[in-house]
Amino acid sequence: MSKVLCSVATRGRYFTTLPLVLNAIINQSKPVDKLIVYDDNDEPQDMRKEFLYQHFFQMLDIKGIAWEWQYADKKGQHHIHQRANLAGFDWVWRVDDDAVPEPNVLEELYRWIDMWPDLGAVGSHIWTPPHIPNTAGITGRIDNIDSEPNIQWGKFNVAQEVDHLHCSFLYRAGVTDYNLGLSRVAHREETLFTFQLQQKGYSILVVPNAITWHMKNPDGGIRSETRKEMYEHDEQIFRNILQYRDRTIVVLNCGLGDHIVFSRILPSIPNAEVFSCYPEVVPGRSIAEAVQLFGDLDPWNVYKKMDQWKWKDSLEKAYRKMYL
Amino acid sequence: MIIISPYAQKLRTNKENPKNYPYWEQLVQELQKTIHVVQIGVEGEKQLVPDFRKNLPIPALRELLWQCKTWIGVDSFFQHLAWDEGVPGIVLWGPSDPLIFGHPENINLLKDRSCLVENQFIWWEATEHSNDRFVKPKEILEHLKE
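Residues numbered from 1 in each chain as written. Chains lettered and ligands numbered in written order. Predicted model: local features only at pLDDT ≥ 70, side-chain atom pairs only at ≥ 80, totals over all residues. Heavy atoms only, no water.

Counting its secondary structure elements, chain A contains ten helices and eleven strands. Compactness check: chain A gives a C-alpha radius of gyration of 20 Å against a globular reference of 20 Å for 324 residues, within 12% of the reference. Seen along its three principal axes, the alpha-carbon backbone of chain A occupies a region of about 65 × 45 × 45 Å. Counting only residues that meet the buried cut, chain A has 56% of its 324 residues in that class. A separation of at least 24 residues holds for 75% of the contacts in chain A among residues at least 6 apart in sequence. Roughly 14,100 Å² of accessible area belongs to chain A as shown, and the carbon and sulfur atoms make up 51% of that amount. In chain A, which carries 35 positive and 43 negative side-chain charges, the distance between the mean positions of the two groups comes to 3 Å. (Helix = DSSP H or I, 4+ residues; strand = E, 2+ residues; numbered from the N terminus. Rg over C-alpha atoms; globule rule 2.2 N^0.38 Å. Buried < 20%, exposed > 50% of the residue type's maximum accessible area, 1.4 Å probe, protein only. Contact = heavy atoms within 4.5 Å. Areas by Shrake-Rupley, 256 points an atom, 1.4 Å probe, with all protein chains shown as cover. Lys, Arg positive; Asp, Glu negative; His and termini not counted. Charge placed at Lys NZ, Arg CZ, Asp CG, Glu CD.)

Residue and element names in this part refer to chain A. Strand E2 (residues 34-39) sits mainly inside the fold: six of its six residues count as buried. Here E2 shows a buried face lined by Lys34, Ile36 and Tyr38 and a second buried face lined by Leu35, Val37 and Asp39. Relative to E2, strand E1 (residues 4-10) runs parallel, the two sharing six bridges. Note on E2: the bridge partner recorded for Thr10 is Asp39. With respect to chirality, the unit in which E1 leads through helix H1 (residues 18-26) into the neighbouring parallel E2 is right-handed. By the bridge criterion, six bridges tie E2 to strand E3 (residues 66-71) in an arrangement that is parallel. When the sheet's bridge partners are listed, Asp39 is paired in E3 with Tyr71. A crossover links E2 with its parallel partner E3, the connecting element being helix H2 (residues 51-63), and its sense is right-handed. (Pairing = 2+ DSSP bridges. Right-handed = clockwise from strand over helix to strand, strands pointing away.)

A few words now on H1(A). Residues and elements named next belong to chain A. Of all the nine residues making up H1, seven are buried; the element is thus mostly covered by neighbouring parts of the structure. By the burial criterion, the buried members of H1 are Leu18, Pro19, Val21, Leu22, Ala24, Ile25 and Ile26. As for H1, its buried residues are in contact with E1, E2, H2, E3, strand E4 (91-96) and strand E5 (99-101).

A few words on the domain arrangement of chain A. Residues and elements named next belong to chain A. Annotation of chain A at the domain level lists domain 1 (4-227) and domain 2 (246-323). Each of domain 1 and domain 2 has a C-alpha centre, and the two are 31 Å apart. With seven residues of domain 1 at the interface, the matching set in domain 2 holds six residues. With both sides pooled, the region where domain 1 packs onto domain 2 buries about 520 Å², and carbon together with sulfur makes up 38% of that total. Here domain 1 and domain 2 share one salt bridge between them. Across the pair Lys305 and Asp177 runs a salt bridge whose closest N-O atoms are separated by 2.4 Å. (Domains from an automatic or database assignment. Buried area = accessible area lost by both parts, 1.4 Å probe. Salt bridge = Lys/Arg side-chain N within 4 Å of Asp/Glu carboxyl O.)

As a further point, take the packing of aromatic side chains. All names here are of chain A. In this structure the tally under the stated criterion is 27 aromatic pairs over all chains. A centroid spacing of 6.2 Å and a plane angle of 90° characterise the contact between Phe15 and Tyr53, whose relative ring orientation is edge-to-face. Taken as a pair, Phe15 in the loop between E1 and H1 and Tyr53 in helix H2 lie far apart in primary sequence, 38 residues in all. For Phe15, a relative accessible area of 48% translates into the label partly exposed. The class for Tyr53 is buried, based on a relative accessible area of 0%. (Phe/Tyr/Trp six-rings, centres within 6.5 Å; stacked < 30°, edge-to-face > 60°.)

Residues and elements named next belong to chain B. Judged by pairing direction, the sheet is parallel, and its six strands sit side by side in the order E3-E2-E1-E4-E5-E6 without closing on themselves. Because the sheet does not close on itself, it has two edges, and the strands there are strand E3 (51-54) and strand E6 (107-110). For this sheet, the mean inter-axis angle between neighbouring strands, taken without regard to orientation, is 20°. When strand E2 (residues 37-41) meets E3, the two strands line up parallel, connected through four bridges. Bridge assignment links Gly41 to a residue of E3, and that residue is Lys54. Sitting on the sheet, helix H2 (residues 58-67) is in contact with strand E1 (2-5), E2, E3 and strand E4 (70-74), with an inclination near 160° to E2. Relative to E4, helix H3 (residues 77-85) is tilted by about 145°, and along the sheet it contacts E1, E2, E4 and strand E5 (90-93). (Axes fitted to C-alpha atoms, helices over the stretch in contact; angles between N-to-C directions.)

Turning our attention to the pattern of salt bridges. Residues and elements named next belong to chain A. Across all of its chains, the model carries 33 salt bridges over all chains by this definition. Asp163 is the partner of Arg141 in a salt bridge, and the nearest nitrogen-oxygen pair spans 2.6 Å. With Arg141 in the loop between strand E6 (119-127) and strand E7 (160-162) and Asp163 in the loop between E7 and strand E8 (169-172), this residue pair connects regions lying 22 residues apart in the sequence. Given a relative accessible area of 34%, Arg141 falls into the partly exposed group. With a relative accessible area of 7%, Asp163 lands in the buried category.

Take empty space enclosed by the protein next. Residue and element names in this part refer to chain A. Inspection of every chain in the model, using the stated rule, returns one cavity of 30 Å³ or more. In this structure, the largest cavity is lined by Trp93, Val105, Leu109, Gly123, Ser124, His125, Ile126, Ser168, Phe169, Ala210 and Thr212. Here the element with the most residues in the lining of the largest cavity is E6; it accounts for four residues. Residues belonging to the lining of the largest cavity are distributed by class as follows: six nonpolar, five polar and no charged. (1 Å grid on protein atoms, 1.4 Å probe; cavity = no way out; pocket = protein on both sides within 12 Å on 5 of 7 lines; lining within 4 Å. Points joined across faces, edges and corners; volume = space filled by probe spheres on them. Nonpolar A, V, L, I, M, F, W, Y, C, P; charged D, E, K, R; others polar.)

Residue and element names in this part refer to chain A. The step from Pro129 to Pro130 runs through a cis peptide bond, and the omega angle for that step is 5°. Residue placement: Pro130 occurs in the loop between E6 and E7. For Cys167, which is not a glycine, the phi torsion comes out positive at approximately 65°. On the secondary structure map, Cys167 appears in the loop between E7 and E8.

Shown next as structure tokens:
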């Protein structure tokens, strides 16, 4: 049985939509294995002192659902999601603090894990009252992202493969990383994340019959930043990643010896676009350029990856796992 | 001729790199009795033998490798370069794991796996140098005889 962590990133919504979300999670027909609330509030509170939350925590205990309330580091929800991504579970069901799932949502999403062996992520309807757009004929392809609404916003009756998902979904944990180079608003973070899962060869699905009500709340929210530059910065990273999607990006922000070991596998990497510290060993563009283009270089940090994988094999094999 | 590559990369904290072998002086003293020893490294490193070739570019290091009988080094870029060049040698291991960072083509001398640090993927600045992690020169000399 695959273990599911439910992660909720919250900010500014202690007494508006967050209680609705927690109640909905507690009352899922398929219980989660653990709930972690990542509290990114500017002034976090001890919610155990609050009557309503006392009841939630008791309900979780009685139902045997493990739970944790973690204070986040105020860097934005992508950092929070990455913590959840690496928390050691097989799957993560990410739920926004203003997105209220109906009781069958996790059960409906979860059953696709067995039905679709290469599943990377699965989402369903995200309906924002009062307007539910007609999404008939919507492709969900990344190339159409500027010209069509997100398929999850509308009604559909059959499952469909797409390139990316929005808002709330169930995903295979620890396969790819959230881009931590995005600004605090983390604009496009879930699009990038799910698209990268798809780029790694996993299927991204939208499936019917599971509705999450997006109670868009003008107050609070994990993205409650209005600075235009942040959105522009994130949009540029998003566009750059799309631009290089047909290339295998290689970033060697590491030592000379690592470059030498890596050089053995370079010929096997299809369509490599290399950024290198030692171009005399592995020719490539500068690391500064990579930072400018992609924001965060951690996804290419072989040492972080080996640590994450609890690696015991050779460095060369770690590079093979990363790039081939 | 034998090459020695005695030092791992200098740490940003200026502390001794925990991968540095502590008994070079004794080892070099013994080696020099029978063979010419060439030290390679960079400016600022301690000179152990009269023939210290500093800051050689990579092509020159590759060429030098083909002139030597063997080489002795620590866990640094040089062991990877020699592996890439197909010239086996002896690597003196301390806290880092030869199964991860080494190459089986070399003689990898590790005192004991209990000497390895638990987390192999942190910055080496976080690990203290300890002489106790390393084999003694006598063991290296025995391997050289083979």
